[in-house]
Each structure stands twice: as structure tokens, then as C-alpha cells.
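A structural walkthrough
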Amino acid sequence: MSKSGPKLSVESIARALGLGEKEFTHRKDYLGLSAMDVQLLRELAEPLRDLHPKLMDVFYAHLQQFPETRNYFQDPQLVEQLRQKQADYFHTLLDGEYDQAYLHDRLKVGFLHQQAGLSTDWYIGAYAKFLTTLLPELATLADGDTAKLASILSALIKIVFLDINLVLDTYAYADKLSIQALKDYAENLICNTPLGLIVVSKDMNILSANQYMHTRFGIPHRNMQGKPLTQFFPCGGLNDRAIEVLSTGRPQYGVHLKLNSATQGNCHCEISLTPFKQSSPDSGIDPQPALLIVMEDTTERDSMIEMTQSYDNRVRAILNNIAEGIITIDEHGSIESFNPAAEKLFGYKAGEIVGRNVSQLMPSPYQDMHDHYLQQYAASHKQRCLGRGFREVEGLHRNGTSFPIDLSISELKLPEKNMFIGIIRDASQRKHDEAEMAKLSLAIEQTADTIMITDKQGFIEYVNCGFENTTGYQRSNVLGKRPSILKSGLQDSDFYQGLWQQVEEGRVFQNVFINRKKNGDLYYEEKTITPLRNQNGDITHYISTGKDITDRMRTQKRLHFLAHHDALTALPNRMLLMERIEHAISHCKRSRKPLALLFLDLDRFKKINDTLGHNTGDKLLRQLSTRLKLNLRQDDTVARLSGDEFAILLQDIEDIDSVLPIISKIKQQLCEPFRIESRELFISASIGVAVCPHDGDDPDTLLKNADTAMYAAKANGRGSFSFYTADMNAMASMHLQMENELRYALQRNQFELEFQPQFSLDETMSIAGAEVLVRWQHPELGLLGPGKFIPLLEDTGLIQPVGKWIIHTACAQLRAWHDANFMLPRIAINIAPHQLGSPDFIDAIFSALEEFQLPPHCLELEITESSLMQDENRAVEILNTLNHKGIHIAMDDFGTGYSSLSYLQRLPVNTLKIDRSFISQIPHVNSDSILTRTIIAMGRSLNLRIVAEGVEADEQLEYLRSLGCDAVQGFLLGRPMRAAELQNSLATRAKSSR
């Protein structure tokens, strides 16, 4: 039971008082509380409720007059709560429901008042004041009816006494419990005191004893009561000491006795004997002398003292053999002891230095500091350095040299005096080691590389500033954790298993780690992990040094990417494609599944570059790259080989037929327009296919054969594809041979000119001019048209010297015709883009005209839009110069370009030539007829001469005449022919028309 008393509840109080339903009913019967009384109180309930606030005002005003109650009602909020509680009680009192709930409520009121410290006097007085205030009001309610007033008072007194009785019972029971709690607390305190307590009467009989006697001596303390002291302690002098104290009346303290307990044997005790008078205040009996014996078992303490003496001897032995110097001094600084280690440190023998002041072992200024410290400590006992571990000072050797020492001072307080113990270590080697370690630590801490030290289990014990700067983790964030906090997840478990296997075997591990910083960024670290061994050769730690090589790795990756990828499209380039083909061929041989290589060449892409500029062409290539990748599987490769050449590597195909759906998808993708800025461009591709192993089993052969198949496809027409066949090699070889032979054709005079006449569409159908066409008289293949070799001339750059030859030869022929009185009005010469861009192009034209004495208007230069696109401003400037001199300019193939109309306002064009592709289908194809009509109408509105090419039927001729076309050329009126043949043909035509 605690000092504060038991934890009570209303239910426990009711049970303790026996206030069950039966007992409560008995109390009401005893008071004579009848049903008539209850009914009368209920009838008074309503009028008395109205009076209650007035009663409460009088009641609480009365309570304010007494200090013991006034303090309880300082808080207005508390008063209001109490008024409400009292109102609730008053209503309950009048309701007449005097059941168990009412019983518990009254018990609770009594318990709370007792716990709050309010006496029963206050409760009874408060009730009396309330009733005396109420009585006049009751008389008013009785309205002069004495009998009725007597009945009201009788009923009210009965219920009030029932109420007061319940509350007072609760008070009494709570007080009883409090007294019992205090008694139990006192007994518990005495019984559990860790000392033996015995009270002895003057006749040496034991009056009482505590629990300790049972616990320590094995004697049940209740069994000791009333029995003589000698029964339990027959010898040892305790009984004699007790008689002596009782007889003299003087207490004895700290008496050491060796008692022989009847149950526990001998034990050492320290005993205090104190006499006192015992009596009962109400007994009227004179106080009787008694004795309190307090016993403390000192057996263990005495044993410890004996052991201490043994320890002293051991301590002396330790002091003589310990490595540290130990010096003891008194409060005045005089040395009292000096162990062998101190002798070795300072060079003095103990006999030489004991008794001298310890300052003799200190260099200046430590001597003055020491004396001042001793004086200060003696005066104030303020400790500045006692008991605070080692500090670094200097010592003075006997030979006069000073040296660094680590000094620790502690105070030893003895009964007779205070001593100071100094422990000294020679710090010379430590200072040297610290200086070396400081340099090493500074170097490690300030190095930009990351340094990490872990224990054998891999827990981090140290990281340097380089680690913090590189990873973003502070030292406090990582100590005690594993390096795996840096894992990026991009290196598999085999990598880390290999790492641990290697370092646990004691070998150094070196590799590049892909780690993750605190902020989530990845970084590459070139790391070396070295096992650290102790003197026994056991691995204790791992030291990791690392360098952030992220920039270097990115640069290497970027360089590797640039070396293996196309800068424009980011597709693999030829080098990477060849590596992948080689790898795919090896896989093909193992899996026995074929692979296919597609070689794509864009048709007329050069015209887009020349017409719209390289920026537009680059955008188209990037869009095309994206489209091509959409048609492929993950393991397939799209590569860009050159400007408009692409290759596609298809691995693990089932058979050759499985390539066809992919080609179909590619062609379908190319059918969709390419939207670049405000234009829609259309393009096609020629595709060559080579299959491994049938068409080659090495990268070079496979690529060459796919290229050959592509040329075969291009020869079949734009937008087609072709699988490689053995015959294609012969054609490719012939193509290469022709290119080589073309280089010597000019100097071997193998080129010759033909002329196709142009006729006006007036009534006379007179000759309007002739278009100059070049032919190659090949020694083996015979006469070749321009379509067989002009592309080769443009690719090899031979177009410029051959072009000059054409201009010179054509002008020479025109001069010859004029001299022969064959007055051909004009000759038209086709100008290639490379010719127009030549720096001596203008000089070549005027030089030929001057040499053969020809007027400029007899010469017409036919250009295409592609001739303008390499350098549009330069081309316009050249054409303006030529036109201003009288030379005619014709726009050839008009209607087949991308923006022909936009040039007509800028260029000095005299003639539009409608391409044969529009003429061949008129008048049967409505779209071509409409387009031709539109071109002629537009040309006439711009005052341009219109010439239609490829006229091969009378209905075409008549249709063009009806549209107002100026001139025509084509097989209907004249095929291309040599100079003499043309002259004869036209002469014959002239005769027949007469």
C-alpha cells in the first residue's frame, strides 16, 4: 500500500460499507421515508426549482465569509460548474428516484470532498445553511397550512438525513483507509530498511525486529518478539554492550563486533546502540527504558579491506613495471613517489628527486604556471586540468633538454591529506608520428580523388572531402553504412561478386564503377580497392580510392559515337555497319539463319539539294532516318553510308521472301510526303538486296553486291528494288570500265554532235533552230546516247571540259552552216550545273562566239532548275550577264521541278521548254492536257517563247498549235541527226514545200 493511500472507486466503497440494494432499502425504512414523502417532494419539485438560483446566491455568499471555503471559490468558472452540479443534485433530490444511482452519487460526493480536504464540519455546516435558507420558502409554499408544512419538513428532513448519513459514512471509510495506508507505509519502510533493527526492553527481551533480520541472518523477525537477545546472539559481546548502554544511558556508535548467529554462523557487524523511553501517550503509565540496536553486516566490507591491502602490494608492483611515468605530489608540489618509468623519462633516480618540488621537472614557463596553479587551487579548489585526461606539455630532463610529454593529473583525497597523481608519457615519438600522419591526413583529405575506408564487413568508417564533393553525401550521412548506397543498378550482381571474391582473397581490385550521386545523377568512377592487413596478416579494412572520370567517359563515348555514327542522322555509319555485318555473319553461320543487306539510294535527291538547298535536304534525310527505323526489329540496323545512300541489315530472317514485306513497308513509308517547313516533298528510293551466305559471306562482298543490285534496280526505273544476281557483277564491271574509258574519250575524239531540229508552229512550219545533242562513239559498244554517259561525266567532273568542247564544236558547226548559206536561226546547247558554276564559263561562251564570228542571239543555253541551286545568286548573275549580251536563255524540262514558277520572275528566261513527259499523253490524258495548256498560257502572259519537246503524233502537233505553242521538236518532224544529214534534210524539206 502506497503512502498516498489506496485507489478507491464508488463501487469499492459501496462494497466495503455493505451498501447493497437491501441495506440501502433498510436505511430508508429506518428513517421512515415513505411513498407519501416521496410523492410530496415530487409535488414540490417544480416550485422549488424556480427558487433554487436564489438559494444558491445566499448559499455561496455565506461560503465566501470563511477563509477555509473562500479559497475554493476564487475561480468563477469553477463556481459556475459547482452551481450546476448542485442544481442537478437538488433536482435529483426532489425527483424521488432514490435508487442505486442516487446512492452512488452521494458516495461519490463524500469521497471527492474527503479527497479535496474538506472536513465533515464544512459539509454539515453547508447543508445547515442551505436548509435554513430553504425553510422560509417552504413556509410560503405551505400557505399557512401548518399540517402541510409539517409534512413537507418531515419528508425533507428524512431525505436530508439519508443523504448526510451516506456522505459521512464515505468520509469515515476514506479516513480509515488513509490511516491504514500510513501505518502500512511505516511498517513497510521499517521492514525494508537495509539495516537490522531490534528494540530491546530493559530486561533484554526483544520487543520487535524488522525484516532485515530474516533476510540477512535467517531469523524470522516475528519469531524474535518476546524472546531474550542471547537466544539469537549468544556470544560476541552484543548482550554485554546492550546492558552497558541501558545502565549508563549513553549511546554507542560504530561498534565492531564479530557475532555468532545461531543460524548463519560468524559475521562481522558494525553496531549502533541508542537508548530511548517507550510509552503510550494515553496509557498513563510511566515511560519504560528501551534500547534500539541498529546492525549493519560488514563482513563483505571487512573482506574488501583485507583484499585492499593485498591490492596495495599489487599496485606497487604495477607502478614499478608500468610503461608510463607515475609521480605523486602533495598539495605543496613536493614529490612523494617516483616510479622507475619516471626515472627513465627524466633521468633522475627516485632517491634524488623525492622530496623536491615537481617544478624541477618542468622547463620555463611551465614552472611559474605550475606554482600559480597550485596556489589558485589551494585558495579556491577550482580544478582547471584535474581529471580531464591527457594534455600535452613539456618536461625537463636532468641533462637540461626539454621534451614533449603527455600529462594527466588526478586528485586523490585521503583522510589525512590530499595528493595529486601525475601520469606521464614521452610524446616525442607520438609527435613525430602525428606530424607524419597530419601530412598524410591533409593530403588524403584535400585530394580531389574519393577515398573511402571500410571495415572487413564493408561498413564505411571514413570518407574524405573528395568523396563528399563527388557524391554529394556528407560524411555524417554515410558513416556506418555500406558503399552500396552509391549503387546505380547498372552493373549486375556478377560484377560485385567478383569484386568481393577478389578483395577477400587479399588481391587488389581495379575497375570502372557506374555509381549514383545523392541527387540521382550517374557518374563513372575509376576505382581501386586495396585490402589492408594487420601485423598478423589478417585483413581488417578495405581502402578504396577513386577518380571521377565521367567527363572522360562521356568524351570517349561521344568520340566513339561520332566515329561510328553519322553526325546528321545519328545512324550507324559505314564503319559500325561493317562491324555489325561481321558479327551478324558469324551469328548466321552458327544459327544457320540467313541475313539480308539492303542498299538504298534515293532517287533524284541531288535535285532536292540543288533546288531547295542542303538545309532542306538535311531535314529530309533526318525524317527519312526516323521512318526507316520504324520498320525494323530491335536487332536490325539502319546505317547511313553517304549523302543519299542507306543500308539496312536484317538478321535472322526465315528466307528471302521474308524481306519483301519489309521492302514493301519502306516503299509505303516513302510514298507519304515529307513535310518540311511549308513544302511537301516526295521521294523514292532504289533498293538493292544481297543475302548471306548466298551472295557473300564477308562484309565487303555482301555490301558490294547489295550496291550492285541497287544500281540494277535504279536502271529498272525509280522506286524499284532488285535482288543481287551473278550477272550484275558483269554489268558493274562494265560500268566501271566505261567510266575509265570515258576519261580518254575526249582526247581520242570519240565524241560527236547530233542536232534535233525545232520548227515553228506558224503556217510555214519553218525551221526555228536545233538542239545540240552529244553522242559517244564507243570503240566496242558503238554509238551511245547521253543517258549512258552524261551522269558519268557529271560524277567524274569531266562535264566541264566536255561541255567546253560541245560549245566550241557547236559554234564551229553553225559557222560552217552560215558559210554554206544554210542560215539556221539558232542552236540550243544544254548546260549542266557544274558548267554554270565554273569560273571560266562566261569566257568560254564569248570566246567561242568571237572565234567563229557569231552573233550572240544565235546561241540559246538550256538550263534546268538544278543548275541554279548550287549557288543561286551566282547563277542568276551569270545568266543576266549572258542575256544582256544577247544570248537566249531557255528553261528546260519546265514543269518537272519543285518551284519553277518562282524563278521566272528572277531569271532572264526567253524560252520555256515543256518536258516530253507532259506531251506524250496529250490530248488523251486530261491532267497532262490541262497542265500543258496552263504552261503555254502562263508563258504567253510572260511574253516567253514556248517550245514543246517529244512531239511524235499529228494530234499532239495540232493540239499544241490550237493552244498557241510557238515551236515543237520531236520524232514526228525530225529525229536527232548529224550536221550534214540535218542540212540535207532541211534542204529537201524546203524544196518539197515550194
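Refer to the preceding data block for the structure.
Quick look at the structure, then. The structure presented is a predicted model; accordingly, all values stated were derived computationally and were not measured. (Residues numbered from 1 in each chain as written. Predicted model: local features only at pLDDT ≥ 70, side-chain atom pairs only at ≥ 80, totals over all residues. Heavy atoms only, no water.)

1. Section: the nonpolar core
Core analysis: the biggest nonpolar cluster contains 78 residues, and Leu-742, Ile-829, Phe-841, Ile-845, Leu-861, Leu-912 and Leu-960 have the highest contact counts within it. By residue number, the principal contributor to this core is helix H28 (residues 799-819), which donates eight residues. What Phe-841 contacts, discounting residues up to four positions off in sequence, is Ile-807, Ile-831, Gln-835, Leu-836, Leu-861, Ile-878 and Leu-882. Core analysis: the next-biggest nonpolar cluster, separate from the first, contains 38 residues, Met-56, Leu-63, Leu-94 and Leu-138 among them. (Core = buried A, V, L, I, M, F, W, Y, C linked by side-chain atoms within 4.5 Å. Buried < 20%, exposed > 50% of the residue type's maximum accessible area, 1.4 Å probe, protein only. Helix = DSSP H or I, 4+ residues; strand = E, 2+ residues; numbered from the N terminus. Contact = heavy atoms within 4.5 Å.)

2. Examining the pairing of strand E1 (residues 196-201)
Of all six residues in E1, six are buried; the element is thus mostly enclosed. Alternating residues of E1 divide into Gly-196, Ile-198 and Val-200 and Leu-197, Val-199 and Ser-201, and every residue in both groups is buried. One ladder, built from six bridges, connects E1 with strand E5 (residues 288-297); its direction is antiparallel. Looking at E5, one finds that Val-200 is bridged to Leu-291. (Pairing = 2+ DSSP bridges.)

3. A word on the pattern of salt bridges
Where side chains of opposite charge bring their charged atoms close, a pairing between them can arise. Within the structure shown, the criterion is met by 26 salt bridges. Linking Glu-505 and Arg-507 is a salt bridge whose minimum nitrogen-to-oxygen distance equals 2.7 Å. Overall, the relative accessible area of 43% leaves Arg-507 in the partly exposed class. Between Asp-840 and Lys-804 there is a salt bridge, with its nearest N and O atoms 2.4 Å apart. Placement of Asp-840 in the loop between helix H29 (833-836) and helix H30 (841-851) and of Lys-804 in helix H28 is noted, with a sequence separation of 36 residues between them. Judged by its relative accessible area of 28%, Asp-840 falls in the partly exposed class. Salt bridges linked by common partners bring Glu-392, Asp-406, Arg-430 and Lys-431 together as one network. (Salt bridge = Lys/Arg side-chain N within 4 Å of Asp/Glu carboxyl O.)

4. A word on unusual backbone geometry
Backbone phi values are negative for most residues with the exception of glycine, while trans is the configuration of most peptide bonds. Residue Pro-693 follows Cys-692 across a cis peptide bond; omega there is 10 degrees. Along the polypeptide, Pro-693 turns up in the loop between strand E21 (684-692) and helix H25 (699-715). Even without glycine at this site, Asn-749 takes up a positive phi of about 55 degrees. The residue Asn-749 is located in the loop between helix H26 (727-745) and strand E23 (751-760) in this model. Positive phi, normally seen in glycine, also occurs at Gln-853, with a value near 55 degrees. Mapped onto the fold, Gln-853 is located in the loop between H30 and strand E27 (859-863).

5. A word on the pairing of E27
Among the five residues of E27, five are classified as buried, and the element is accordingly described as predominantly covered. Judged by which residues are buried, E27 turns out to be covered on both faces: Leu-859, Leu-861 and Ile-863 on one side and Glu-860 and Glu-862 on the other are all buried. Pairing geometry for strand E26 (residues 827-830) and E27, over four bridges, is parallel. Bridge pairing in E27 links Asn-830 to Glu-862.

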